[in-house]
Amino acid sequence: MNKHILAVMLMLVFIASLSVNFAAAQDDTLVIWADENRAPILEALGAQFTEEYGIPVTVTQLGFGDIRDQLIIAGPAGEGPDILIGAHDWLGQLTADNLLAPIELDEELAAQFSPVALQAFTQDGVLYGVPYAVENVAFFRNTELVPDAPATWEEVRQISEEIQESGAAQYGFVYQNGDPYHFFGIQSAFGGYVFGQDENGNYVASDLGVDSEGSVAALQWMTDMVTDGVMPLTTGDEATALFESGDAAMMITGPWFLQRFRDAGVPFAISDIPAGPDGNPGSPFLGVQAFMVNNFSDNVDLAIAFLTEYVATEETMVELSTVGTRPSAFIPANEVATDPDFAAFASAGAVGQPMPSIPEMGSVWGAWGSAISLALGGDNTPDEAFGAAAEAIRAEIEATPEAEATTAP
Amino acid sequence: MSEITKAVASPNVDQKEGYWSARVTRERTLRLVIIAFALVYALFPVLFIMSSSFNPSGSILGQGIIPRNASLVHYNALLNSPNNPFPLWVWNSVKISTITAVLAVLISSLSAYAFSRFRFKGRRTLLLTVFLIQVFPSTLAIVAIYLLLQTIGEIIPPFGLNTHAGLILVYLGGALGINTWLMKGFFDTVPRELDESAMMDGATNFQIFWVIIFPLVRPILAVVAILTFVGTYGDFILPLVLINEPQEYTLAGG
Amino acid sequence: MAAISQPQKNVLYPSSTPASPVGLILRLVGIAILDAFAIWFVSQLIADQAWFLAFLVVIVTIGFNAFFLSERLYPFRWFSPGLALMILMVVYPMVYTIYVAFTNYGTGHLRTQEQLVQSFLEPRGSNLYIPEGATPYEFAAYRSEDGRYLLWLIDEQGNAFAAAPGEPLKANGEGIEGIGPLDEDGFPETIQGFERLNRIQLASDDTINTQIFGTAEDSIGISGRNAARFELRYSYDAASNTITDLSTGTTYTGIEGIYTSTTDPNDTLPGGYYVGVGLGNFIDLFTSPAISGPLIIIFVWTVMHALFAVLLTFALGLSFALVFNSDLVPGKKILRSAMLIPYAIPAFISVLIWRGLLSEQLGPISVTVRDWFGWSPPWFTDAFWARIGVLLVQMWLGFPYMMLVCMGALQSIPSEIYEASNVDGANAWQRFWSLTLPLLLVSVGPILISSFAFNFNNFGVIRLYNQGGPAITPTAGWTDILISYTYRLAFAAGTTDYGLASAITIVIFFIVLVITVINFRFTGAWEEVSQNV
């Protein structure tokens, strides 16, 4: 056997000496991660760019939420795209690992963006995104059942009762049970809030308003609707399907269903979110979407130049706004937009507030949403439900000291 | 009830009775009735899936089995979008799943044969280890697998991220698990006299395995192949993270 | 059990059949090629500093050599491909998870220390600064056909200079010919022989970005939109693990994976690396306020969920397999294949369909049930019915698997056994309980146990179906299982805490391990399988 082993050793030394090293070449390709709606636009734009400058552009299509999840895995490993699209509430998490490159805009260009949109992508004075869309929910009504937009939530209740009594439709107002994002418009109308704001408009984690008086009042209003049989308990899918088929007359939802409602042929109109008892306007959360640049890309400057020179143009922004059925964050694009629904969304969003992107917000969503469904389902009173949720959130915020530590200097 | 149980437990027609005897007819009817119910149970959600694929709104709520305004928009979008080369993804999926299934059957049948036929030190330990390792919750393994393929890919690009070979390799990692157990149980039922007589004739172990046993255990090979194929075909988490080029996507990933 | 095939004790196949010379040579060549490949692969892995992976590859290679060269280890040859793949693709991620459980890997700590330090030392925009005394300029860049570069600089006072590599600055471009009219910002629109670069050309030109303009004493580089004598902003001292910001003079020490200023604990460098935290994650896990919540309810449900999911799918799968296992069924193969269609549909689609079918207001099932009985179960808002709903969905998703497995196992039961019992006069019911089921369990038993372990952690379905709802408390739901509940904790704060999640994984692994071993003991499956044959 010894001879064999010797032969083996000799042979493998020989073969090992022949081996070569594969080395991956660095290339100047611009890689963009985008969702299925925006990818085709960017592909066309990339083809133009390649033709003009000879730099290849690859657009990879991912689910919107997957973009963030995968950047977290790929980014630190040095993989990942040069440019990605995303929402402003990812900002805290991505900057905590320094994954985003700062972006400087000329004053002239910056002035063309909606200030709220830029503000949403700014952290500690540094801009991290080139925004393309602003989205917020608004009040939808079926114009056959509700010809005039209700001004207050009290009116919404009256109309719902009338509709049910007359049998014009199965339900009046419907709500996505347990969904805090859609509830916030009502909560704010009753004077509730989630996080208090300082004088600069920054959210303050220590001032949690989930259990504030206004928040509880809003939940009480809705719980009464349910217990009095004026509003059914419906999931988001159900509420949407009911509205779509004309079986429900009113709901709060966003631009993502515009196309679906239009296709379904339901006559609808969009208006501001009704006001609360004290006349507070219902202010929805504003979400902003933007292009961001991977800080560890080899082509940071090129990526930023592509965004400022190629993407931040009226033509591209109008296209992005059209496929996304969302108002643009680029003012010139909104000026040429003729879609009246966009204007209605913008009007509802005028009193909106950016959805908090502070890391503490992550602790809020789950508990807040569960509290709403606990109260509506009759398991807890609104007071108890929001009280317990706030307690759980405060405990969790305290247990996560890293949130402060990771704030950039 | 007793009829059902009788039907259930007698696998073959009693040879003494004719094919059309009253008892046999009754049993057949009973089986067919049960099968009809079973088919309805198994297939009605599938009908809804198909029906919603014709429904333009993309929601299954409030629709009947027959969609109100049937439309081919989804199919049109599926087949003709340049951005989503759907047929290519199907091809990718089928390719990966088939290769995985074939290799997994080979690998696990080799192990199962050894577990079934050989006695050696460490056999029990190995058998148990193979079993216990796969109860580890693998939800978090995805990050490790990503880094693993990245490292491998830097050295051997054809097996790195964004490659089908890399993905297949990951799937095969699980081939040794429960499949081996499943097959071993079946191998055990193949009488050993067959092996022994072959051995008398001077056959090697591999020849026994390949020529004698392998054809005899076809039913379980088919079962394992189907299980592996479907498991691979339906998986979407791995391809989603490991494959990032539209040309390489699998069905579920896209 | 003895009935299946009477084992002849100790008739072993201990060694390979005597090798033919050709076979031996083939084997040795095979091993040699494998070793050669392994040596090369390991050397590359070591070059990449993938130590642990290199170690595993070495183990696998040694294993291969031992198995194929030693006659005593002959049986292991049959396992080698499976084992190698398992070690690489299953054990490696497992060990990695265990390792991560003892670190703070997660949001804010996603990189290795080396990666993080490197990210500060690369000459990129934010890693550069303009030292005191150096002048910052705005600039425009020009490139000639033959690849020469020229910068036009304007300082804060509005003075303009032209700069070329290796030459002193020329005020207002003195001596350069063909300077065209200035644009509104004061940059020449054209320079003879040169093309003015726009931002994209500038950004995609790798040469100009590393080019030094001006003389050695007054060198100027460009970064982003500025030109100046840039210097690297950070310096790293490996001995003390500190990074110094040269622009401010602040020193940052690595503390728990974050470079923190030595003078102000709130002043940190962006990003962080992961470091060992010992048992920290486990301590967090057991002291977390959420854990003291409805843990008992969730644990009991987790066990029940796994148990019922296995029993129901097995009962259903076995019944169907038995019904189909008869020559009396015409078109058996086609009908049987039709039964397996649910299995061919990816689970994430079927789960969504079931969510729609059971939808309380509009789901076809709920609507039909309401039409018939005037009431339909609150599938999503009531704790009891939500659990029933989850089990219904699991049952539908899982029965084809069990049916397949049972079909395979039923065929392995020799028909002579039934004939013997027919003679004894046993009725069908007795035959099923005394023969079919016990025989079946020998081969299917381990599958059931493994299926239990799988369902114990099967939160994919629950997450897609109802996210664990309805709520018990604001942080837990009635259908939450252990792993979905605890992952909620790990990923709750809008961050991903892989360290904590890994710790949870390990704790759950031990729970499952214990249950599995108990299962084996309890059912006797292990003994039967290991003794059989």
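All of these numbers come straight from a predicted model, not from anything done at the bench.

1. Here's the deal with the packing of aromatic side chains
So, point 1. Per the counting criterion, the structure on display carries 71 aromatic pairs over all chains.
So, point 2. Residues phenylalanine 261 of chain A and phenylalanine 268 of chain A carry aromatic rings whose centres are separated by 5.9 Å and whose planes lie at 70° to one another, so their mutual orientation is edge-to-face.
So, point 3. Residue class for phenylalanine 261 of chain A comes out buried when judged on its relative accessible area of 0%.
So, point 4. For the ring pair phenylalanine 52 of chain C and tyrosine 92 of chain C, a centre distance of 5.7 Å and an interplane angle of 25° mean the geometry is stacked. Of this pair, phenylalanine 52 of chain C sits in helix H2 (residues 51-69) while tyrosine 92 of chain C is found in helix H3 (residues 80-101), placing the two residues 40 residues apart along the sequence.
So, point 5. Through successive ring pairs, a cluster of aromatic residues spans Tyr113, Phe118, Phe206, Phe209, Trp210 and Phe214 of chain B together with Tyr74 and Trp78 of chain C.

2. Some thoughts on the domain arrangement of chain A
Residues and elements named next belong to chain A.
So, point 1. Looking at chain A, the domain boundaries give domain 1 (3-135 + 286-353) and domain 2 (138-283 + 358-399).
So, point 2. Averaged C-alpha coordinates put domain 1 and domain 2 at centres separated by 33 Å.
So, point 3. Each partner contributes residues to the interface: domain 1 has 14 residues there, and domain 2 has 21 residues.
So, point 4. In total, domain 1 and domain 2 occlude about 1400 Å² of area from one another, counting both sides; carbon and sulfur atoms represent 58% of this.
So, point 5. By the criterion of area lost to domain 2, the three top residues of domain 1 are Thr325, Phe345 and Gln353, representing 40% of everything that side buries.
So, point 6. A salt bridge links arginine 262 to aspartate 341; the shortest N-O distance between them is 2.9 Å.
So, point 7. Along the contact surface separating domain 1 from domain 2 lie 7 residue pairs in polar contact (both at pLDDT 80 or more).
So, point 8. Element by element, the count of residues in the side of domain 1 that touches domain 2 is highest for helix H15 (residues 340-349), at 6 residues.
So, point 9. By residue class, the composition of the side of domain 1 that touches domain 2 is 5 nonpolar, 5 polar and 4 charged.

3. Here's the deal with the interface of chain B and chain C
So, point 1. At the junction of the two partners, chain B supplies 104 residues and chain C supplies 111 residues.
So, point 2. Both sides together, the interface formed by chain B and chain C hides about 9800 Å², and carbon and sulfur atoms give 79% of it.
So, point 3. Three residues, Tyr41, Phe136 and Leu140 of chain B, lead the burial of chain B against chain C; their summed loss comes to 8% of the area buried on that side.
So, point 4. Taken together, the connections running from chain B to chain C amount to 0 salt bridges.
So, point 5. Where chain B meets chain C, there are 5 residue pairs in polar contact (both at pLDDT 80 or more).
So, point 6. With 18 residues, the top contributor of residues to the side of chain B that touches chain C is helix H2 (residues 22-54) of chain B.
So, point 7. In terms of residue class, the side of chain B that touches chain C is made up of 70 nonpolar, 18 polar and 16 charged.

4. Here we look at the sheet that holds strand S13 (residues 258-261) of chain C
Residues and elements named next belong to chain C.
So, point 1. The 4 strands are arranged S10-S11-S12-S13 in an open sheet whose pairing can be described as antiparallel. Sheet topology places strand S10 (234-237) and S13 at the edges, where each strand pairs with a single neighbour. Strand-to-strand twist in this sheet, taken as the mean axis angle between neighbours without regard to direction, amounts to 30°.
So, point 2. The pairing of strand S12 (residues 250-255) with S13 spans 4 bridges and is antiparallel. Each residue of the ladder has a partner; that of tyrosine 252, found in S13, is serine 261.
So, point 3. Packing of helix H4 (residues 113-121) onto the sheet brings it into contact with S10, strand S11 (242-245) and S13, and relative to S10 it is tilted by some 145°.

Each value, and the rule that gives it
Residues numbered from 1 in each chain as written. Chains lettered and ligands numbered in written order. Predicted model: local features only at pLDDT ≥ 70, side-chain atom pairs only at ≥ 80, totals over all residues. Heavy atoms only, no water. Phe/Tyr/Trp six-rings, centres within 6.5 Å; stacked < 30°, edge-to-face > 60°. Buried < 20%, exposed > 50% of the residue type's maximum accessible area, 1.4 Å probe, protein only. Helix = DSSP H or I, 4+ residues; strand = E, 2+ residues; numbered from the N terminus. Domains from an automatic or database assignment. Contact = heavy atoms within 4.5 Å. Buried area = accessible area lost by both parts, 1.4 Å probe. Salt bridge = Lys/Arg side-chain N within 4 Å of Asp/Glu carboxyl O. Polar contact = N/O pair within 3.5 Å; in protein donor to acceptor, adjacent residues only side chain to side chain. Nonpolar A, V, L, I, M, F, W, Y, C, P; charged D, E, K, R; others polar. Pairing = 2+ DSSP bridges. Axes fitted to C-alpha atoms, helices over the stretch in contact; angles between N-to-C directions.

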